[in-house]
Amino acid sequence: MHNIKEIAQFTQQLATEAGELLLKAYQEQSGANNAKRTSPKEMKLVEDATIDEWLVQKILETYPTHSILAEESGEHKKGTDVLWIIDPIDGSVNFSVQNPFVAISLAVVINGELTIGVIEAPVLQEQFIAVKGKGAKLNKKEIHVSQTKKLSDAYLVSCEGGAKDRTAVLERIIVNYFDQVKDVRKLGSAALECAWVASGRADAYVTIEIDPWDVAAGILIVQEAGGKVTTFDNEAWEPKRADIICSNGLLHDELMSLL
Ligand code: IPD
Ligand code: CA
Ligand code: CA
């Protein structure tokens, strides 16, 4: 049996400390000075690797038998029933242009079930956390999804993820949704797009192709805030699925039917 409360406290503290590292780098712009573009739309900062390494080391120091899937360093397989899914910086391009929408995303999956999710946004001074069955919080206060019932009143956030054909992916979102909703917005951080739905700042987040480290924590936070998350074919999300709709629940079926 795992002590979920203890792992959650550790995750929260880890996110806080990693957030301090990220904030310092952001203020000094040391990462941006050493950034490499990996595609026209994506970027790797020095801190992507250093914070990744720091997180992996800290997790394994405390939990040497846990497995980790980290965006930068890949799989650290230990063959246990606990898997961490982590993104050291979600929003690297935002970081490089002094856009404060940057976050660290930490998820813990126990026996195949998303159990803990923390999204730390140090520049915004916001920490989102959820533990399975215990609700979701932003800076220690409970959060809930919006009550928006009509699609025409809804704000949608979206990103095209790592899709090779970004134009086609974005086109699908725009063609299917743009005229139906109040607005479609891109925040540049998939983790924060989930957090926005969980806290009612947006009504839904839709993505066609996304990696697990971008959304694992966010999915649990949306669910625990009372929202609904499925794949486009109404299945439960699992790390190998790249298509998801996170919504306030009330708009879910309509959003799915429009795709
Ligand atoms: C990116 C952000 C962005 C999404 C990209 C991701 P990164 O993460 O989440 O919103 O559209 O697919 O790769 O590269 O900054 O960790
Ligand atoms: Ca990411
Ligand atoms: Ca990243």
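Located above this text is the structure these notes cover.
Residues numbered from 1 in each chain as written. Chains lettered and ligands numbered in written order. Predicted model: local features only at pLDDT ≥ 70, side-chain atom pairs only at ≥ 80, totals over all residues. Heavy atoms only, no water.

**As for the overall build of the protein chain**
Here is step 1: Broken down by element type, the protein chain carries eight helices and 15 strands.
Here is step 2: Expected size for 259 residues packed as a compact globule is a radius of gyration near 18 Å; at 17 Å, the protein chain falls within 12% of this value.
Here is step 3: A principal-axis box enclosing the C-alpha atoms of the protein chain has dimensions of 50 × 45 × 30 Å.
Here is step 4: Buried residues in the protein chain amount to 53% of all 259 residues.
Here is step 5: The contacts in the protein chain between residues at least 6 apart in sequence include a share of 63% that link residues at least 24 apart.
Here is step 6: Here the protein chain has roughly 11800 Å² of accessible surface; of this, 48% comes from carbon and sulfur atoms. (Helix = DSSP H or I, 4+ residues; strand = E, 2+ residues; numbered from the N terminus. Rg over C-alpha atoms; globule rule 2.2 N^0.38 Å. Buried < 20%, exposed > 50% of the residue type's maximum accessible area, 1.4 Å probe, protein only. Contact = heavy atoms within 4.5 Å. Areas by Shrake-Rupley, 256 points an atom, 1.4 Å probe, with all protein chains shown as cover.)

**Remarks on the sheet that holds strand β7 (residues 113-121)**
Here is step 1: On the basis of which strands lie adjacent, the open sheet formed by eight strands has the order β4-β3-β5-β6-β7-β8-β9-β10 and mixed pairing. Every other strand in the sheet has two partners, leaving β4 (74-76) and β10 (141-142) as the edge strands with one partner each.
Here is step 2: Alignment of strand β5 (residues 82-90) against strand β6 (residues 103-110), held across seven bridges, turns out to be antiparallel. Paired with Asp90 across the bridge in β6 is Ala103.
Here is step 3: Helix α1 (residues 4-28) rests against β5, β6, β7 and β8 (126-131) of the sheet, and its axis sits at about 160° to β6.
Here is step 4: Seen against the sheet, helix α3 (residues 46-62) touches β3 (67-70), β4, β5 and β6 and runs at an angle of roughly 155° to β5. (Pairing = 2+ DSSP bridges. Axes fitted to C-alpha atoms, helices over the stretch in contact; angles between N-to-C directions.)

**So, the coordination of the calcium ion (ligand 3)**
Here is step 1: Protein ligation of the calcium ion (ligand 3) involves Glu71 (OE), Asp87 (OD), Asp87 (OD) and Ile89 (O), the donor distances falling in the range 2.2 to 3.1 Å.
Here is step 2: Mapping the donors of the calcium ion (ligand 3) onto the primary sequence yields the spacing E-x15-D-x1-I.
Here is step 3: Between the calcium ion (ligand 3) and the calcium ion (ligand 2), a spacing of 3.5 Å is present, and a bridge between the two is formed by Asp87. Separated by 18 residues along the polypeptide, Glu71 in the loop between β3 and β4 and Ile89 in strand β5 bring together distant segments of the chain. (Donors = N, O, S within 2.8 Å, 3.2 Å for Na, K, Ca; no water.)

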